[in-house]
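Observations on the three-dimensional arrangement
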There are 2 protein chains.
Amino acid sequence: MTLQERDKKHLWHPLTQHKLHPNHLAITKAKEALLFDDKGNEYIDGIASWYTCMYGHCNAYITSKVYAQMQQLDHVVFAGFTHEPAIKLSEELIKILPNNQEKLFFSDNGSTSVDIAIKMALQYHFNQGEKRGKIIALEGGFHGDTFGAMSVSGLSVYNGPFEDFFIDVARIQVPTKENFEIVKEQFIKLLSENNVAAFIYEPLVQGAAAMKMFDGRLLDELLAIAKQHNVLAIADEVMTGFGKTGKNFASEHLVNQPDIICLSKSLTAGLVPMAITSTTQNVYDAFLSDDIGKGFFHGHTYSANPTSCTAALAGIELLQSEEIQNSIQRIIKSHQTFDARIKNHPKVKETRQLGVIYALDLNVEMDRYGDLRYKLFRFFMENGVCLRPLGNTIYILAPYVITDKQLEKVYQAIEESLAII
Amino acid sequence: MTLQERDKKHLWHPLTQHKLHPNHLAITKAKEALLFDDKGNEYIDGIASWYTCMYGHCNAYITSKVYAQMQQLDHVVFAGFTHEPAIKLSEELIKILPNNQEKLFFSDNGSTSVDIAIKMALQYHFNQGEKRGKIIALEGGFHGDTFGAMSVSGLSVYNGPFEDFFIDVARIQVPTKENFEIVKEQFIKLLSENNVAAFIYEPLVQGAAAMKMFDGRLLDELLAIAKQHNVLAIADEVMTGFGKTGKNFASEHLVNQPDIICLSKSLTAGLVPMAITSTTQNVYDAFLSDDIGKGFFHGHTYSANPTSCTAALAGIELLQSEEIQNSIQRIIKSHQTFDARIKNHPKVKETRQLGVIYALDLNVEMDRYGDLRYKLFRFFMENGVCLRPLGNTIYILAPYVITDKQLEKVYQAIEESLAII
């Protein structure tokens with residue numbers, strides 16, 4: 001039996017209607033920006049395996065560091081105990097996070113980092129005698145699939161069975177020049193009710209909404225208002241973090257810094273799972289008390305797993321290397337040149353770019369999981385490029401180590417795909 | 001600065017009131033059943049780092065397999081793609097899971113595996129046109145800290161800030177000979193309302209409730225009744241899984257098998273995070289449809305991460321080895337001998353054992369996070385043994401590779417600790 005056949009026996013894939021899409025391509029190897037299947041075909045990983053493997057697949061620097069750690073200390077309970085990989089990671093990560101960030105709380109995926117951020121925000125107010133129960137979120141935002149994270153996500157694809165169990169969320173439109181006065185007014189009205197605990201947002205780029213980008217100055221104004229009302233700002237940088245927007249974190253494009261930041265995906269360079277919820281001294285201090293119950297009684301078994309911490313630490317070293325920083329600039333320029341060449345194509349409705357994130361909307365209506373989307377996906381794969389359109393949006397978010405030649409192959413595949421729609 | 005001092009700058013530990021417990025012992029090395037601190041002291045890991053490192057810390061067989069995998073294929077999106085580590089793991093895990101289990105859905109920690117189980121149960125009924133919104137759970141159960149998992153946990157230590165956002169849960173007492181008729185009646189009454197989606201339980205041992213054990217035959221009766229009402233049974237085997245109860249899974253002690261099983265912790269042998277929610281063909285089939293919306297649109301980026309799958313696969317191989325199976329029997333007998341020697345001590349109120357899990361309750365009243373608990377913890381550490389009492393319960397759940405000599409040292413530390421309370 002082939003791997004694809006064996007796959008069908010016992011595996012239930014995420015985000016998949018198995019009746020309509022029973023076949024899963026078997027990948028057997030990956031190196032730098034390339035994926036290889038079981039028939040020997042190679043594909044450029046144009047989305048860095050969901051924006052994780054940014055320093056290249058199977059990066060030898062990272063894997064050798066991680067192997068050394070696995071032989072030294074694999075794991076230990078992180079309540080009552082600590083270890084050097086977590087300590088070093090905290091020191092290095094705090095150096096590159098926005099200046100106001102001081103404390104790191106660990107978990108294992110982006111969804112849990114968001115559930116933790118929400119719980120922190122609720123308890124922050126509760127510990128100070130205020131029962132604030134509402135969260136404000138942006139329309140079209142995506143923050144994960146656990147109950148808390150799902151509640152604040154405004155990208156309701158198929159939430160029917162669960163929506164009775166969502167936490168209390170007020171949703172505002174993504175601010176634009178056109179709607180800003182209305183959005184601002186609504187935002188202020190919500191805050192004036194004094195029951196808003198936090199405002200959660202993906203800064204500048206809404207990833208799962210199809211790399212929708214919006215004006216940071218407008219978001220900045222909202223953040224300034226939130227601060228006046230002691231409403232905590234939660235930046236979900238699970239997708240945008242670690243260099244993708246041209247700065248280490250998307251929040252650096254803004255003046256007002258978040259109280260809480262959610263991190264995962266390329267945090268561990270695509271090697272192993274881990275997530276972090278980082279926050280300020282002010283938030284942390286609200287949990288310090290002689291009353292034990294004011295502590296944050298949340299915990300995951302693999303919190304600050306030394307293996308994962310080591311992968312993260314090696315990733316951060318690479319991120320700051322001249323080689324990767326130069327590569328980021330190279331990709332940014334390359335995307336700009338490609339944009340000039342494609343943006344006026346009649347089948348292209350709109351293009352946008354922030355850092356190494358490039359997206360173009362097609363001049364067609366498409367369902368998020370519609371047939372054309374799968375047709376395009378297959379076309380790209382047949383042309384040796386792994387791109388996964390979201391609705392009518394084609395986007396590129398490749399590993400930083402992608403070569404110029406590989407980038408050109410991705411661009412050509414996109415140009416040629418316009419002929420089949 | 002020492003590691004302990006550096007730890008305080010930027011790390012927020014789980015389940016910790018930092019004002020009362022600011023110091024975290026720095027562990028620098030682990031091997032087999034031992035932990036080593038930065039001063040060169042060694043400790044027997046009597047709880048296998050929260051029941052994860054069951055095959056011994058830094059197990060060379062597992063780490064070498066994982067290192068090979070990291071160099072071959074680190075990660076790839078698990079929607080539309082598949083890979084051998086996930087396929088092989090599914091084949092080997094299904095072989096040892098209860099017979100009715102057929103499909104595996106991946107996530108990254110025990111909490112998310114429970115959120116997924118709950119979402120599966122809700123949508124299972126929803127897809128068949130029934131809106132069943134209630135979950136039944138056991139008092140004192142613990143299932144994790146994300147919003148869904150926290151909702152079904154009956155171990156409400158400090159849930160004040162969050163309880164307004166819990167999903168709809170009805171709680172029943174853990175069945176005992178004394179209360180069983182009342183519990184059964186209440187259970188049947190709840191089910192007769194036709195709005196119960198699932199019944200979640202830790203089979204036979206409630207871990208975080210302090211290794212509370214209960215009669216499987218009574219649970220079995222409840223499971224038979226649940227089945228008659230098409231209420232899905234969710235067994236949370238995050239703690240009990242992979243040999244700890246003397247069988248591969250605690251559910252094997254029962255006649256009625258669960259529809260859904262949650263797995264994590266020792267699934268990946270303590271090396272890296274991963275979780276699995278396994279289920280039956282019947283549950284899986286309820287999501288198959290030409291209607292894409294009936295699929296399970298839940299997904300985590302690191303789903304079925306090849307590195308983690310490889311750790312799990314190596315762990316399952318070891319679990320089934322003669323060496324580990326013999327070791328499990330050796331520890332079971334050793335605990336029985338220790339029990340005979342300590343159970344009549346005046347300071348011991350009750351002892352209990354299932355498989356390699358051994359617990360004793362002290363004849364004193366103690367808060368879950370009270371002072372005596374920390375005094376005992378320090379006493380054990382000073383005697384070279386890492387045990388973390390839960391309330392007035394001292395329990396042992398050591399790696400299967402613990403030696404007889406190390407076991408004896410653990411027992412002696414427990415005996416000596418009775419003098420200080």
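Model, not experiment: these values are computed from the prediction.

Residues and elements named next belong to chain A. Here strand 13 (residues 275-279) lies mainly inside the structure; five of its five residues are buried. As paired strands, strand 5 (residues 103-107) and strand 13 are joined by five bridges and run antiparallel to one another. Among the inter-strand pairings, phenylalanine 106 is bridged to a residue of strand 13, identified as isoleucine 276. Inspection of the sheet shows strand 12 (residues 260-263) paired to strand 13 by four bridges, in the antiparallel sense. By the bridge assignment, cysteine 262 is partnered in strand 13 with threonine 277.

A rotation about some axis, followed by a shift along it, carries one copy of the chain onto the other. Note on the identical chains: chain B maps onto chain A by a rotation of 180° and an axial translation of 0.0 Å, with an RMSD of 0.0 Å. Given the turn and translation reported, the copies of this chain are related as if by a two-fold rotation axis.

Under the definition given, this model contains 33 aromatic pairs over all chains. Note on Trp12(A) and Phe296(B): the rings are 5.7 Å apart at their centroids and 55° apart in plane angle, and the pair reads as tilted. Within this pair, whereas Trp12(A) is found in the loop between helix 1 (3-10) and strand 1 (25-31), its partner Phe296(B) is found in the loop between helix 9 (281-285) and helix 10 (306-319), the two belonging to separate chains. Take Trp12(A): its relative accessible area is 1%, and that puts it in the buried class. You can call Phe296(B) buried: its relative accessible area is 1%. With 5.8 Å between their ring centres and 85° between their planes, Phe78(B) and Phe106(B) make a pair best called edge-to-face. Within this pair, whereas Phe78(B) is found in the loop between helix 3 (60-72) and strand 4 (81-82), its partner Phe106(B) is found in strand 5 (residues 103-107), the two being separated by 28 residues in sequence.

Here the focus is the interface of chain B and chain A. At the junction of the two partners, chain B supplies 124 residues and chain A supplies 123 residues. The contact between chain B and chain A buries some 11600 Å² in all, and 65% of this surface belongs to carbon and sulfur atoms. Counting the surface chain B buries against chain A, the share from its top three residues, His10(B), Trp12(B) and Tyr302(B), is 8%. Of the charged contacts in the structure, one is a salt bridge between Arg6(B) and Glu91(A), with a shortest N-O distance of 2.8 Å. In terms of residue count, the dominant contributor to the side of chain B that touches chain A is helix 5 (residues 110-126) of chain B (nine residues). Looking at the side of chain B that touches chain A, its residues break down into 56 nonpolar, 44 polar and 24 charged. The pairing of strand 4 (residues 81-82) of chain A with strand 1 (residues 25-31) of chain B spans two bridges and is classified as parallel. Among the inter-strand pairings, Phe81(A) is bridged to a residue of strand 1 of chain B, identified as Leu25(B).

Turning our eyes to something else, we now look at the nonpolar core. The tendency in soluble globular proteins is for nonpolar side chains to be buried as a group. Ranked by size, the top nonpolar core spans 242 residues in total, and within it Leu93(A), Phe199(A), Leu93(B), Phe106(B) and Phe199(B) carry the most contacts. Beyond its immediate stretch of four places on either side in the chain, Phe199(A) contacts Ile136(A), Leu138(A), Ile172(A), Phe187(A), Leu219(A), Leu222(A), Leu223(A), Val231(A), Leu232(A), Ala233(A) and Ile234(A).

Looking now at the side chain of His83(B). Residues and elements named next belong to chain B. With respect to the helices and strands, the residue histidine 83 is situated in the loop between strand 4 and helix 4 (84-96). Exposure remark for histidine 83: the relative accessible area of 0% places this residue in the buried category. A polar side-chain atom of histidine 83 sits 3.3 Å from the main-chain amide nitrogen of alanine 86.

The sheet built from five strands is open, its strands ordered 4(A)-1(B)-2(B)-3(B)-16(B) with mixed pairing. At either end of the open sheet lies a strand with only one pairing partner, and these are strand 4 of chain A together with strand 16 (385-386) of chain B. In this sheet, strand 3 (residues 42-45) of chain B lies alongside strand 2 (residues 34-37) of chain B in antiparallel orientation, the contact comprising three bridges. The residue of strand 3 of chain B that forms the bridge with Leu34(B) is Ile44(B).

Let us now look at the pairing of strand 3 of chain B. Residues and elements named next belong to chain B. Where strand 2 folds back on strand 3, the antiparallel hairpin that results is connected by four residues, among which glycine 40 adopts a positive phi of roughly 90°. Of the strand pairs in this sheet, strand 3 and strand 16 are connected by two bridges, and their pairing is parallel. Bridge pairing in strand 16 links aspartate 45 to cysteine 386.

Moving on, we come to the environment of Lys19(B). With respect to the helices and strands, the residue Lys19(B) is situated in the loop between helix 1 (3-10) and strand 1. Here Lys19(B) falls in the partly exposed class, since its relative accessible area comes to 45%. Along the sequence, Lys19(B) and Gln329(B) sit 310 residues apart, while their C-alpha atoms lie 43 Å from each other. With near-sequence residues (within four places) excluded, Lys19(B) lies in contact with Leu288(A), Ser289(A) and Asp290(A). Engagement of the side chain of Lys19(B) in a polar contact is seen with the side chain of Asp290(A), the distance being 3.2 Å.

Another aspect to go through is the sheet that holds strand 15 (residues 357-362) of chain A. Residues and elements named next belong to chain A. In spatial order, the strands read 14-15-17; together these three strands make up an open sheet with antiparallel pairing. Both edges of this open sheet fall to strand 14 (348-354) and strand 17 (393-396), since each of them pairs with a single strand only. Sheet twist, expressed as the mean angle between neighbouring strand axes with direction ignored, is 15°. Examined bridge by bridge, strand 15 and strand 17 share four bridges and lie antiparallel to one another. Paired with leucine 360 across the bridge in strand 17 is isoleucine 394.

Cut-offs applied
- Residues numbered from 1 in each chain as written.
- Chains lettered and ligands numbered in written order.
- Predicted model: local features only at pLDDT ≥ 70, side-chain atom pairs only at ≥ 80, totals over all residues.
- Heavy atoms only, no water.
- Buried < 20%, exposed > 50% of the residue type's maximum accessible area, 1.4 Å probe, protein only.
- Helix = DSSP H or I, 4+ residues; strand = E, 2+ residues; numbered from the N terminus.
- Pairing = 2+ DSSP bridges.
- Least-squares fit on C-alpha atoms with pLDDT ≥ 70 in both.
- Phe/Tyr/Trp six-rings, centres within 6.5 Å; stacked < 30°, edge-to-face > 60°.
- Contact = heavy atoms within 4.5 Å.
- Buried area = accessible area lost by both parts, 1.4 Å probe.
- Salt bridge = Lys/Arg side-chain N within 4 Å of Asp/Glu carboxyl O.
- Nonpolar A, V, L, I, M, F, W, Y, C, P; charged D, E, K, R; others polar.
- Core = buried A, V, L, I, M, F, W, Y, C linked by side-chain atoms within 4.5 Å.
- Polar contact = N/O pair within 3.5 Å; in protein donor to acceptor, adjacent residues only side chain to side chain.
- Axes fitted to C-alpha atoms, helices over the stretch in contact; angles between N-to-C directions.

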